[in-house]
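# Reading the structure
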Amino acid sequence: MAIRVFLTLLLFLSSAILSFSLYEDQAGLTDWHQRYIGKVKHAVFHTQKTGRKRVIVSTEENVVASLDLRHGEIFWRHVLGTKDAIDGVGIALGKYVITLSSEGSALRAWNLPDGQMVWETSLHTAQHSKSLLSVPINLKVDKDYPIIVFGGGYLHAVSAIDGEVLWKKDFTAEGFEVQRVLQPPGSSIIYVLGFINSSEAVVYQIDSKIGEVVAQKSMVFPGGFSGEISSVSSDKVVVLDSTRSILVTIGFIDGGISFQKTPISDLVEDSGKAEILSALLSNMLAVKVNKRTLFVKVGGEGKLEVVDSLSDETAMSDSLPVADDQEAFASVHHEGSKIHLMVKLVNELDNVLLKETIQMDQHRGRVHKVFMNNYIRTDRSNGFRALIVMEDHSLLLLQQGAIVWSREEGLASVTDVTTAELPLGKDGVSVAKVEHTLFEWLKGHVLKLKGSLLLASPEDVVAIQELRVKSSGKNKLTRDHNGFRKLILALTRPGKLFALHTGDGRIVWSMLLKSPSNSQACERPNGISLYQWQVPHHHAMDENPSVLVVGKCGSDSSAPGVLSFVDVYTGKEISSSDIGHSVVQVMPLPFTDSTEQRLHLIADTVGHVHLYPKTSEALSIFQREFQNVYWYTVEADDGIIRGHVMKGSCSGETADEYCFTTRELWTVVFPSESEKIISTLTRKPNEVVHTQAKVNADQDLLYKYVSRNLLFVATVSPKGAGEIGSVTPEESSLVVYLIDTITGRILHRLSHQGCQGPVHAVFSENWVVYHYFNLRAHKYEVTVVEIYDQSRAENKNVWKLILGKHNLTAPITSYSRPEVFTKSQSYFFAQSVKTIAVTSTAKGITSKQLLIGTIGDQILALDKRFVDPRRTLNPSQAEKEEGIIPLTDTLPIIPQAYVTHSHKVEGLRGIVTAPSKLESTTHVFAYGVDLFYTRLAPSKTYDSLTDDFSYALLLITIVALVAAIYITWVLSEKKELSEKWR
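Treat the numbers as computed from the prediction; the structure is a model and nothing was measured. (Residues numbered from 1 in each chain as written. Predicted model: local features only at pLDDT ≥ 70, side-chain atom pairs only at ≥ 80, totals over all residues. Heavy atoms only, no water.)

## Remarks on the sheet that holds strand β9 (residues 117-122)
Sheet architecture is open: four strands sit in the order β6-β7-β8-β9, paired in antiparallel fashion. Here the strands that pair on one side only, and so sit at the sheet edges, are β6 (86-92) and β9. The average angle at which neighbouring strand axes cross in this sheet is 15°, direction not considered. Of the strand pairs in this sheet, strand β8 (residues 106-111) and β9 are connected by five bridges, and their pairing is antiparallel. When the sheet's bridge partners are listed, leucine 107 is paired in β9 with threonine 121. (Pairing = 2+ DSSP bridges. Helix = DSSP H or I, 4+ residues; strand = E, 2+ residues; numbered from the N terminus. Axes fitted to C-alpha atoms, helices over the stretch in contact; angles between N-to-C directions.)

In structure tokens form, the structure reads like this:
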């Protein structure tokens with residue numbers, strides 16, 4: 001009886017523990033997902049009385065989205081392909097969002113409320129040209145007002161209802177480039193204005209119903225045109241001549257064409273080259289001259305007159321109609337921490353409808369774009385809201401003198417990522433805080449106990465989730481003993497550096513890279529890369545860690561570089577400098593000075609390298625290792641890889657003692673007629689390898705060839721460098737190399753006939769895994785290559801290794817010809833791949849997983865054992881004990897292995913991993929248009945308990961077991977005594 005009671009109690013407690021093992025309530029505890037859209041380039045407001053107020057936007061990341069005007073949230077969005085750039089967006093019939101993309105070849109209609117695609121039309125194009133989209137403002141469902149599209153030399157009229165092509169006009173033979181399509185209100189005749197060879201203006205009058213050309217006029221302008229064209233009215237446009245010093249007003253009244261020239265010097269003194277801004281204003285245009293924006297009014301006969309001017313940092317919106325047949329526009333400029341918004345009437349610039357100054361919480365750079373919308377207030381007056389795009393790509397909505405909402409869209413264009421530790425927590429805790437913490441601890445465990453015993457109410461379940469998130473401490477700004485709390489430092493394309501907290505993904509701080517000089521040539525440098533600069537250890541904890549941001553002033557390879565040093569804890573710029581030379585390659589060295597600053601070499605375009613930091617201590621450290629510094633450069637277009645070594649100090653008047661010359665040590669030249677470099681890869685410089693020895697199933701030792709100087713190179717036949725399927729299997733071959741970057745020696749070469757790129761690879765320890773396409777099998781393949789050191793083949797005794805009898809301390813040099821052998825294996829893989837990464841842990845003991853970014857913008861975790869080259873069809877018992885999986889021709893895709901779960905990292909571009917202090921756990925951060933973070937334990941959390949482990953339930957279980965044992969003992973004693981009395 002007692003044993004039965006004990007087993008019943010134990011079964012109940014076990015079932016209670018299992019019933020609390022839920023997955024739904026754990027969602028979001030160790031991962032987060034953030035959705036973005038990118039830098040906005042087109043915006044159309046939809047603010048009718050019925051339905052939600054929204055703004056339709058298209059971005060530089062090829063995203064079309066609908067945003068809530070109240071909160072800035074995403075109603076819906078679609079991320080188009082990388083080669084499907086959006087050329088224009090509009091709203092047709094009041095219910096369809098129209099997008100034109102792919103240089104005028106793809107026209108789509110999306111349902112306005114939910115974003116579902118209504119129709120898609122592929123338009124015929126024959127050549128590369130400027131694309132235009134003209135959506136009629138008329139909201140009636142009538143085919144008399146089609147959508148006019150120009151692209152690839154063809155003009156199309158498309159029905160807004162079903163996407164049917166009503167007619168098309170071929171302009172390819174004439175070389176006619178359409179610049180503007182104008183349709184007077186209430187008229188079925190459209191005016192198509194364009195240029196032939198940038199010197200002849202042509203105007204077509206076309207019946208929009210049938211596509212018939214009603215009239216055609218042309219006129220040659222001596223000298224030609226250039227730049228942007230501005231439509232100022234239904235019968236006039238203004239364009240610059242080829243010298244950009246004369247404004248030409250083109251009038252096309254009653255089918256005729258007239259030119260009227262106005263030199264810029266007649267409008268402003270000390271004039272230079274002008275630029276017409278893209279803002280559409282009624283009877284007015286905006287011209288940028290000498291870093292000033294001029295408002296030029298266009299008279300009835302084409303006469304131009306300057307009526308106002310603004311500073312260069314001012315952005316303007318298109319004009320929109322307001323009351324009494326008047327039009328207004330908005331101008332916005334940024335000054336320090338303030339934004340100045342002004343709304344004026346186009347025809348009466350002195351009449352200011354709105355003037356507001358808005359305080360901004362942080363520096364975002366200049367205002368790049370402005371989109372204005374008006375609404376009717378409760379007092380029947382006009383109200384205005386402005387959607388502005390800042391230099392850091394952030395998106396802000398201004399209304400009633402405040403920032404209603406903002407979106408950090410710069411995070412959609414992350415270019416480089418690194419991680420950093422948080423500061424240590426402060427010692428000392430008050431008694432009140434201890435008592436409060438103890439109370440919260442008891443309360444939390446009581447709630448957890450109720451949940452374990454299935455006695456929790458819905459309110460208790462919510463409280464359990466809140467306490468779990470709060471008690472986890474994942475959002476604190478101090479480091480934890482497990483290393484779960486870190487800072488993710490992300491550098492974006494506009495040169496803004498963000499620090500994200502791994503706990504919830506919030507922005508701890510952000511800093512926009514700026515030029516240290518006041519030169520006009522480099523007002524805002526572009527960020528290139530991010531490096532660890534100073535990581536203080538325990539003997540230098542008074543110093544905050546810092547990172548190095550490398551930028552350059554312009555897109556040219558010879559553009560001067562800029563260095564910025566940023567404090568990781570505060571986000572403040574410690575210092576910055578114009579380095580006075582170009583930046584081709586940045587090489588972190590494995591040396592630090594007494595303040596833990598890492599030495600870096602920066603190579604320029606003239607073959608010199610420069611040492612940083614520029615201190616005497618750094619110089620002395622570098623000179624001691626002068627002869628041991630090697631690096632390589634890859635010239636992919638020319639098919640050349642060069643190895644370099646230090647030569648001596650630079651000479652010349654501008655050279656300093658931190659500048660050094662180099663000499664070429666070796667060169668590998670790939671034949672251009674048969675091979676083209678498409679991918680190169682090296683190991684992570686900070687990767688930790690736990691052991692170099694590997695015991696196989698035969699109890700033999702295999703020594704990994706672990707070298708930081710190995711370079712993986714993939715080449716493909718020149719014909720096979722195009723899209724997949726563009727060549728036959730006989731015309732394409734893929735060749736991979738493993739090259740020693742010290743000597744230039746090719747250690748291994750592997751050829752794949754009938755295969756094609758793109759190649760995505762990952763390099764870790766002594767193995768490389770790469771993904772490509774097999775043209776013969778019409779499938780994707782994954783190949784693994786492991787390289788081993790044959791020179792230690794005689795050291796095969798495991799007991800000698802265990803007892804430390806092997807001579808593993810003998811120096812190894814790349815100049816001694818290595819005796820290596822390789823093992824390789826290929827597998828089919830069912831999906832296309834965007835990127836591949838590998839997990840990394842603190843000591844390198846934990847099993848590794850491949851993190852594969854699939855074409856579906858998700859991340860698949862694949863155990864490294866699946867790509868083990870030693871897999872066989874029938875593994876022996878010893879091989880099974882080692883963990884070798886039976887060989888299959890295809891790698892498995894397990895739905896539960898997607899670490900992103902149901903989320904998609906749209907536009908996935910990269911995956912970054914970083915170790916935590918716990919050996920079992922690794923940080924994973926993925927970036928693209930979206931951001932995603934999670935923690936992985938490839939071999940499970942063998943070195944820690946889970947966050948939701950119930951200590952109270954464990955205590956109750958122990959007490960119950962002790963009580964059951966005592967009761968059983970008492971009952972047993974009574975039974976034994978009663979048997980003796982018989």
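## As for the state of the cysteines
Under the criterion given, the structure shown has one disulfide. Bridging cysteine 650 to cysteine 659, the disulfide has an S-S length of 2.0 Å. Taking the sign of the S-S torsion, -65° for the link of cysteine 650 and cysteine 659, the bridge is left-handed. Of the two residues examined, cysteine 650 and cysteine 659, each falls in the buried class. (Disulfide = S-S within 2.5 Å. Buried < 20%, exposed > 50% of the residue type's maximum accessible area, 1.4 Å probe, protein only.)

## As for helix α4 (residues 616-624)
For α4, the set of buried residues is Ala618, Leu619, Ile621 and Phe622. Seen along its axis, α4 keeps its buried residues to an arc of 165°; they face one direction. Opposite the buried face of α4, at more than 90 degrees from it, the exposed residues are Ser616 and Arg624. (Arc of directions from axis to C-beta.)

## Brief notes about the sheet that holds strand β57 (residues 779-789)
Strand pairing in a sheet relies on backbone hydrogen bonds, with the paired strands running either antiparallel or parallel. Taking strand neighbours across the sheet as the criterion, the four strands line up as β55-β56-β57-β58 in an open arrangement whose pairing is antiparallel. The open sheet terminates on both sides in strands that have one partner only, identified here as β55 (755-764) and β58 (820-829). Across the sheet, the mean angle from the axis of one strand to that of its neighbour is 20°, orientation sign disregarded. Direction of pairing for β57 relative to β58: antiparallel, over a ladder of ten bridges. Looking at the pairing, aspartate 789 lines up with valine 820 of β58.

## A word on the packing of aromatic side chains
According to the stated counting rule, one finds 21 aromatic pairs in the structure shown. Of the aromatic side chains, those joined through ring pairs into one cluster are Trp32, Phe925, Tyr927 and Tyr933. Over the ring of tryptophan 767 we find lysine 864, and its NZ or CZ is 4.9 Å from the ring centre. (Phe/Tyr/Trp six-rings, centres within 6.5 Å; stacked < 30°, edge-to-face > 60°. Lys NZ or Arg CZ within 6 Å of the ring centre and 35° of its normal.)

## Quick look at the side chain of arginine 407
Checked against the element boundaries, arginine 407 lands in strand β34 (residues 402-407). Polar side-chain contacts of arginine 407 include one of 2.9 Å to the backbone oxygen of glycine 72. Separated by 2.5 Å, the side chains of arginine 407 and glutamate 409 make a polar contact. (Polar contact = N/O pair within 3.5 Å; in protein donor to acceptor, adjacent residues only side chain to side chain.)

## A few points about the side chain of threonine 502
Structurally, threonine 502 can be placed in the loop between β37 (496-501) and β38 (507-512). Taking relative accessible area as the criterion, threonine 502 reaches 5% and is therefore assigned buried. A polar side-chain atom of threonine 502 sits 3.0 Å from the main-chain carbonyl oxygen of phenylalanine 484.

## Brief notes about the pattern of salt bridges
One pass over the structure, following the stated rule, counts 25 salt bridges. Residue lysine 344 pairs with aspartate 308 through a salt bridge whose shortest N-O separation is 3.2 Å. Highlighted residues: lysine 344 in strand β29 (residues 338-345) and aspartate 308 in strand β25 (residues 304-311), separated in sequence by 36 residues. Its salt-bridge partner being glutamate 786, residue lysine 864 comes within 3.0 Å of it at the nearest N-O pair. With lysine 864 in the loop between β61 (859-863) and α6 (877-882) and glutamate 786 in strand β57, this residue pair connects regions lying 78 residues apart in the sequence. Judged by relative accessible area, which is 12%, lysine 864 ranks as buried. One network of salt bridges, with partners in common, ties together Arg364, Asp392, Glu408 and Lys496. (Salt bridge = Lys/Arg side-chain N within 4 Å of Asp/Glu carboxyl O.)

The analysis is restricted to geometry; functional conclusions fall outside its scope.
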